[in-house]
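Residue-level structural notes
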Amino acid sequence: GNSVTQMEGPVTLSEEAFLTINCTYTATGYPSLFWYVQYPGEGLQLLLKATKADDKGSNKGFEATYRKETTSFHLEKGSVQVSDSAVYFCALSENTGNQFYFGTGTSLTVIP
Amino acid sequence: EAQVTQNPRYLITVTGKKLTVTCSQNMNHEYMSWYRQDPGLGLRQIYYSMNVEVTDKGDVPEGYKVSRKEKRNFPLILESPSPNQTSLYFCASSLFPVVGANVLTFGAGSRLTVL
């Protein structure tokens with residue numbers, strides 16, 4: 001079946017530190033992969049996406065590359081800011097795009 | 001403003017008392033879906049709908065019903081709520097399958113407590 005395994009949190013970093021949040025997936029066929037971000041008290045917002053192997057999604061300094069050989073989609077940012085403090089969810093949608101599977105979420109706190 | 005609106009945002013109810021959580025979108029989206037968010041489990045999909053009168057089960061549909069009589073509305077119905085349905089619920093919509101990958105726009109969430 002389909003599933004997403006995400007790095008456990010919480011993660012606390014100092015401002016300007018490098019961020020990596022690991023995400024691996026299990027899927028049949030050719031899923032699309034996503035990172036969503038949830039700020040306190042809000043719904044999830046799309047951060048970035050990739051729809052096929054070797055695609056790189058990027059947005060607001062965040063990047064993730066769709067690696068089929070390692071079934072991974074790790075999120076990275078070179079220099080985090082306090083405003084990046086949020087919960088980050090890795091997700092996949094299966095072939096048809098109708099059904100979604102989310103990771104458990106990783107809480108990030110960035111301290112000045 | 002383009003948005004997904006859920007109501008109520010907060011609700012405390014008792015076991016067995018039927019309730020409906022409404023979801024409405026103003027973006028003319030084809031696709032709508034419901035999720036529940038629980039600590040340590042992330043988001044799990046309850047139901048989804050590809051279009052009016054077309055609904056299908058997600059990963060955790062037990063204890064829930066949905067309907068899609070109009071394109072903009074997708075209510076979530078708990079016929080006989082139980083304490084294990086205490087959760088944070090999110091509705092989402094998208095233009096899928098019209099445009100590329102299924103990118104979801106989420107509502108702000110509805111926190112439900114069943115006593």
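Just above sits the structure.
These figures come from a predicted structure and were not determined experimentally.

Its boundaries defined by the atoms lining it, the largest pocket holds a volume of some 230 Å³. Looking at the largest pocket, it is lined by 16 residues, and the ones nearest its centre are B:Gln3, B:Val4, B:Phe106, B:Gly107 and B:Ala108. Broken down by secondary-structure element, the contributors of at least two residues to the lining of the largest pocket are β6 (44–50) of chain A together with β1 (4–7) and β10 (105–106) of chain B. A per-element tally of the lining of the largest pocket places β1(B) first, with three residues. Taken together, the residues of the lining of the largest pocket sort by class into six nonpolar, seven polar and three charged. The space that makes up the second largest pocket amounts to roughly 170 Å³.

Here the focus is the state of the cysteines. Summed over the entire model, instances satisfying the criterion amount to two disulfides over all chains. Covalently, A:Cys23 is tied to A:Cys90 through a disulfide, its sulfur atoms 1.9 Å apart. Judged by the sign of its S-S torsion, about -70°, the cystine formed by A:Cys23 and A:Cys90 is left-handed. On the criterion of sequence distance, the pair formed by A:Cys23 in strand β4 (residues 23–26) and A:Cys90 in strand β10 (residues 86–93) is long-range, its members being 67 residues apart. Note on A:Cys23: relative accessible area 1%, which makes it buried. The disulfide partner of B:Cys23 is B:Cys91, and the S-S distance across this bridge is 1.9 Å.

Each strand in a sheet pairs with another by means of backbone hydrogen bonds, the pair being arranged parallel or else antiparallel. Residues and elements named next belong to chain A. A sheet is described by the order of its strands in space; here four strands give the open sequence β3-β9-β8-β7, paired in antiparallel fashion. Each having just a single partner strand, β3 (19–21) and β7 (56–59) make up the two edges of the open sheet. Averaged over all pairs of adjacent strands, the angle between their axes in this sheet comes to 15°, without regard to strand direction. For β3 and strand β9 (residues 75–77), the ladder comprises three bridges, and the chain directions are antiparallel. The residue of β9 that forms the bridge with Thr20 is Glu76.

All names here are of chain B. The sheet built from four strands is open, its strands ordered β1-β3-β8-β7 with antiparallel pairing. Bordering the open sheet on either side are β1 and β7 (65–66), each of which pairs with just one other strand. Alignment of β7 against strand β8 (residues 76–78), held across two bridges, turns out to be antiparallel. Each residue of the ladder has a partner; that of Lys65, found in β8, is Ile77.

Rules behind the numbers
- Residues numbered from 1 in each chain as written.
- Chains lettered and ligands numbered in written order.
- Predicted model: local features only at pLDDT ≥ 70, side-chain atom pairs only at ≥ 80, totals over all residues.
- Heavy atoms only, no water.
- 1 Å grid on protein atoms, 1.4 Å probe; cavity = no way out; pocket = protein on both sides within 12 Å on 5 of 7 lines; lining within 4 Å.
- Points joined across faces, edges and corners; volume = space filled by probe spheres on them.
- Helix = DSSP H or I, 4+ residues; strand = E, 2+ residues; numbered from the N terminus.
- Nonpolar A, V, L, I, M, F, W, Y, C, P; charged D, E, K, R; others polar.
- Disulfide = S-S within 2.5 Å.
- Buried < 20%, exposed > 50% of the residue type's maximum accessible area, 1.4 Å probe, protein only.
- Pairing = 2+ DSSP bridges.
- Axes fitted to C-alpha atoms, helices over the stretch in contact; angles between N-to-C directions.

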